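# A structural walkthrough
In case you want the letters, here they are:
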Amino acid sequence: MRRRAALLALALAAPLAACATAEAGPPTLLWYINPDSGGQARIAAQCTQESDGAYRLQTALLPRDSPSQREQLVRRLAAGDGSIDLMSIDPPFIPEFANADFLAPVPDDVAQAVTQDVAEGAVAGASFDDELVTVPFWANTQLLWYRRSVAEAAGLDMSQPVTWDQVVEAAASQDVTVAVQGVRAESLTVWVNALVESAGGHILENPEEQDPQEVVPSLDSDAGRVAAQIMADLAAAGVGGAQLSNANEDINASMFEGSSAGFMVNWPFVWPRAQAAVEGGSLEQSALDDIGWAMYPQAVAGEQARPPYGGINLGVGAFSDHVDLAFEAAQCIADPQKQAEYFLSDGNPPASLTAFDDPEVQDTFPMADVIRESLQNAAPRPQTPFYNEVSSSVQRTWHPPGAASPETSPRRADQLIADVLQGRALL
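Below, the structure is looked at part by part. (Residues numbered from 1 in each chain as written. Predicted model: local features only at pLDDT ≥ 70, side-chain atom pairs only at ≥ 80, totals over all residues. Heavy atoms only, no water.)

## Section: the sheet that holds strand S6 (residues 135-141)
- Across the sheet, which stays open at both edges, the five strands sit in the order S2-S1-S3-S11-S6 with mixed pairing between neighbours. Looking at which strands have only one partner, the edges of the open sheet turn out to be strand S2 (56-61) and S6. Strand after strand, the sheet turns through a mean of 20° between neighbouring axes, direction not considered.
- Where S6 lies against strand S11 (residues 309-316), six bridges are found, and the strand directions are antiparallel. Along S11, the bridge assignment pairs Ala-139 with Gly-311.
- Here helix H14 (residues 323-333) sits on the sheet in contact with strand S1 (28-33), S2, strand S3 (86-89), S6 and S11, set at roughly 150° to S11.
- Across the sheet, helix H17 (residues 368-377) touches S6 and S11, and the angle it forms with S6 is around 110°. (Pairing = 2+ DSSP bridges. Helix = DSSP H or I, 4+ residues; strand = E, 2+ residues; numbered from the N terminus. Axes fitted to C-alpha atoms, helices over the stretch in contact; angles between N-to-C directions. Contact = heavy atoms within 4.5 Å.)

## Re the packing of helix H9 (residues 186-198) against helix H18 (residues 387-397)
- Where H9 contacts H18, the two axes come as close as 9 Å, and the packing angle between them is 85°. Between H9 and H18, the angle is such that the two are roughly perpendicular. Contacts between H9 and H18 involve Glu-186, Leu-188, Thr-189 and Val-192 on the former and, on the latter, Tyr-387, Ser-391, Val-394 and Gln-395.
- In the contact of H9 with H18, the residues fall into four nonpolar, three polar and one charged. (Parallel < 35°, antiparallel > 145°, perpendicular 65-115°, else oblique. Nonpolar A, V, L, I, M, F, W, Y, C, P; charged D, E, K, R; others polar.)

## Considering helix H12 (residues 270-280)
- Of the positions making up H12, those classed as buried are Val-270, Trp-271, Ala-274, Ala-277 and Val-278. Taken around the axis of H12, the buried residues stretch over an arc of 120°, which confines them to a single face. Residues Glu-279 and Gly-280 are exposed on H12 and point more than 90 degrees away from its buried face.
- Contact partners of the buried residues in H12: strand S7 (143-147), helix H11 (249-256), strand S9 (261-266), helix H13 (285-289), strand S10 (291-294) and helix H16 (359-364).
- Following H12 by one or two positions, Gly-281 has its phi on the positive side, about 90°. (Buried < 20%, exposed > 50% of the residue type's maximum accessible area, 1.4 Å probe, protein only. Arc of directions from axis to C-beta.)

## Points about the packing of helix H8 (residues 164-174) against helix H10 (residues 222-236)
- Their axes nearest at 10 Å, the elements H8 and H10 cross at an angle of 0°. If you check the angle between H8 and H10, you find them roughly parallel. Contact residues: H8 offers Trp-164, Asp-165 and Val-168, while H10 offers Ile-230, Asp-233 and Leu-234.
- Grouping the amino acids of the contact of H8 with H10 by side-chain chemistry returns four nonpolar, no polar and two charged.

## Focus on the nonpolar core
- Membership of the largest hydrophobic core comes to 47 residues, with the highest contact counts inside it found for Trp-164, Val-178, Trp-191, Leu-234, Phe-263 and Trp-398.
- Broken down by secondary-structure element, the contributors of at least two residues to this core are S7, helix H7 (148-153), H8, H9, H10, S9, H18 and helix H19 (409-421).
- Beyond its immediate chain neighbours, meaning those up to four positions away, Phe-263 contacts Leu-144, Trp-145, Tyr-146, Val-150, Leu-156, Val-167, Ala-170, Ala-171, Thr-177, Val-178, Ala-179 and Phe-256.
- Counting residues in each nonpolar core, the second largest holds 38 residues, with Leu-143, Ile-291, Ala-368 and Val-370 among its members. (Core = buried A, V, L, I, M, F, W, Y, C linked by side-chain atoms within 4.5 Å.)

## Describing the state of the cysteines
- For the structure on display, the rule yields one disulfide.
- A sulfur-sulfur distance of 2.2 Å marks the disulfide that ties Cys-47 to Cys-332. The sign of the S-S torsion, about -100°, decides the handedness of the disulfide formed by Cys-47 and Cys-332: left-handed. Pair noted here: Cys-47 is in helix H2 (residues 39-50) and Cys-332 is in helix H14, with a separation of 285 residues, a long-range link. When sorted by exposure, Cys-47 lands in the same class as Cys-332, which is buried. (Disulfide = S-S within 2.5 Å.)

## What about the environment of Asp-65?
- Position of Asp-65 relative to the elements: it lies in the loop between S2 and helix H3 (66-78).
- The spacing of Asp-65 and Ile-333 is 268 residues in sequence and 22 Å in space, taken between C-alpha atoms.
- A polar contact is formed between the side chain of Asp-65 and the side chain of Ser-68, at a distance of 2.9 Å. (Polar contact = N/O pair within 3.5 Å; in protein donor to acceptor, adjacent residues only side chain to side chain.)

If you want it as structure tokens, here you go:
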């Protein structure tokens, strides 16, 4: 009888022992990532190895477009999903996540470490209500790309800051295009925000206001009218190309590789894309050699341009069972050397200013110093918990670019933003 009892006890203990052994291993941290070329998964493997057994970092893929990424994360976080340890977040959605208490507070020592020698635009984009709420990972900005031969023929000195008016005039004189993102999508809001910020204004007066009834739109201003005039003048000059109202970043990149290319505002991905086109035989080496780059155009002559800011920041889920380890992993991911390697492998610029000094980065991206300078001056889009409503309102009232008007577009945008936020209109 005692023998049977002992065997039964062993039988019951065996699965418990196996379970205990499994649980004794390092915890697995789940990092939800946006699609890339494999760089984030590689970093996850590196950080797992460098943790010396403290954790295993595993990636989970989010949808390709940022609104769908936001939707998936919001639904899971609203349900208190504790499996979300880390997430790669598009900066415009950070205020919404922070306002909803979806993000674990960033410890002071972590905040100090991850903002050391980081671009001002990236720190601003990682913050909400004057507090760092995410970890800057990689940052992005738009440059003014141009054909050297066109600028020279137009007599435009690209060693000095240039204005939108000068760029449009130069393109018209040479019968070439100025590629901009005019499609009714998030990229249009990016353009509008950069124009308004460069003219000294903002889309919202108080973006951090948490009561939608109290949010004050401020496009109906001198800065808003300057922005609308620039857009209207570009369209009226006929330099935006036949697809202006449908043009996105990829269409613009294709335009800029064509025979009518003159100028373009776009993200740095266009450089490795053009190099790949040369390697693939669809673009002549002479065309690549003709590409130049400069800071984003000024909206007002003599006033510093405020280029677009984008990228990805790292948020730690508020419901994670491993918050401390998640912040440890976030610091590993955001290590400047890893940011430099990620720039080289996936083409996404670092938030770290020192990462731009990497010799291989300087060699691979000859415009690296201009990107770094641009990030220092870049302006995030409105950091509001109601960003979706604000951005959609801007897109509706400023599209198509050919219909933009300083007399109507800023005023109509302000009215629609207010009506939507106060429940008087639906999008």
